[in-house]
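# Fold and geometry: a report
Chain residues, written in single-letter form:
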Amino acid sequence: MLEALVAVTATTGLFALAKGIRGNHQYRVDPRLVVPRDERGDDLPCPWCYGPTYEEDTRCSGCGRSFG
């Protein structure tokens with residue numbers, strides 16, 4: 001009888017804990033903190049210094065290495 005009571009209490013506690021962890025949180029985003037998207041596009045970074053590049057670049061503007 002005692003084991004059944006412990007099992008029921010433990011199960012109820014686990015369900016309550018899971019419900020409390022998950023919760024019903026709603027996250028609001030402050031628009032002032034959102035960084036606007038870079039209009040340069042989604043080109044790959046420089047493979048050496050990871051600096052931003054344009055597709056038509058022949059050299060990296062960060063480290064000066066040539067592409068290709």
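The structure under discussion appears in the preceding block.
About the thresholds
Residues numbered from 1 in each chain as written. Predicted model: local features only at pLDDT ≥ 70, side-chain atom pairs only at ≥ 80, totals over all residues. Heavy atoms only, no water. Helix = DSSP H or I, 4+ residues; strand = E, 2+ residues; numbered from the N terminus. Buried < 20%, exposed > 50% of the residue type's maximum accessible area, 1.4 Å probe, protein only. Contact = heavy atoms within 4.5 Å. Areas by Shrake-Rupley, 256 points an atom, 1.4 Å probe, with all protein chains shown as cover. Polar contact = N/O pair within 3.5 Å; in protein donor to acceptor, adjacent residues only side chain to side chain. Disulfide = S-S within 2.5 Å. Patch = residues over 30% accessible without salt bridge, like charges linked within 9 Å, V, L, I, M, F, W, Y side chains within 5 Å. Salt bridge = Lys/Arg side-chain N within 4 Å of Asp/Glu carboxyl O. Phe/Tyr/Trp six-rings, centres within 6.5 Å; stacked < 30°, edge-to-face > 60°.

### A closer look at the overall build of the chain
Of regular secondary structure, the chain possesses 1 helix and 0 strands. Going through the 68 residues of the chain one by one, you find that 6% of them count as buried. In the chain, 0% of the contacts between residues at least 6 apart in sequence involve partners at least 24 apart. With an accessible surface of roughly 6,600 Å², the chain has 60% of that area assigned to carbon and sulfur atoms.

### A word on the side chain of Thr 53
Its location among the elements puts Thr 53 in the segment after helix H1 (2-22). At a separation of 2.6 Å, a polar atom in the side chain of Thr 53 contacts the main-chain carbonyl oxygen of Leu 44.

### Some words on the state of the cysteines
Applying the stated criterion across every chain yields a total of 0 disulfides. Cys 60 takes part in no disulfide bond, and the closest cysteine sulfur to it belongs to Cys 49, at a distance of 3.5 Å. Judged by its relative accessible area of 4%, Cys 60 falls in the buried class. With no disulfide partner, Cys 63 has as its closest neighbouring cysteine sulfur the one in Cys 46, 3.8 Å distant.

### Focus: unusual backbone geometry
The residue Tyr 50 is not glycine, and still its phi comes out positive at about 65 degrees. Among the structural elements, Tyr 50 can be located in the segment after H1.

### Things to note about a nonpolar patch on the surface
A cluster of nonpolar side chains, contributed by Leu 2, Leu 5 and Val 6, occupies part of the molecular surface with about 310 Å² of accessible area. Relative to the assigned elements, Leu 5 resides in helix H1.

### Description of the pattern of salt bridges
Within this structure, the stated rule accounts for 1 salt bridge. For the salt bridge of Asp 30 with Arg 32, the shortest nitrogen-to-oxygen distance reads 2.8 Å.

### A closer look at the packing of aromatic side chains
Summed over the entire model, instances satisfying the criterion amount to 1 aromatic pair. Ring plane angle 10 degrees and centroid distance 6.3 Å describe the contact between Trp 48 and Phe 67, whose orientation is recorded as stacked. A residue pair is termed long-range when its members are at least 10 positions apart, and Trp 48 in the segment after H1 and Phe 67 in the segment after H1 qualify at 19 residues. For Phe 67, a relative accessible area of 27% translates into the label partly exposed.

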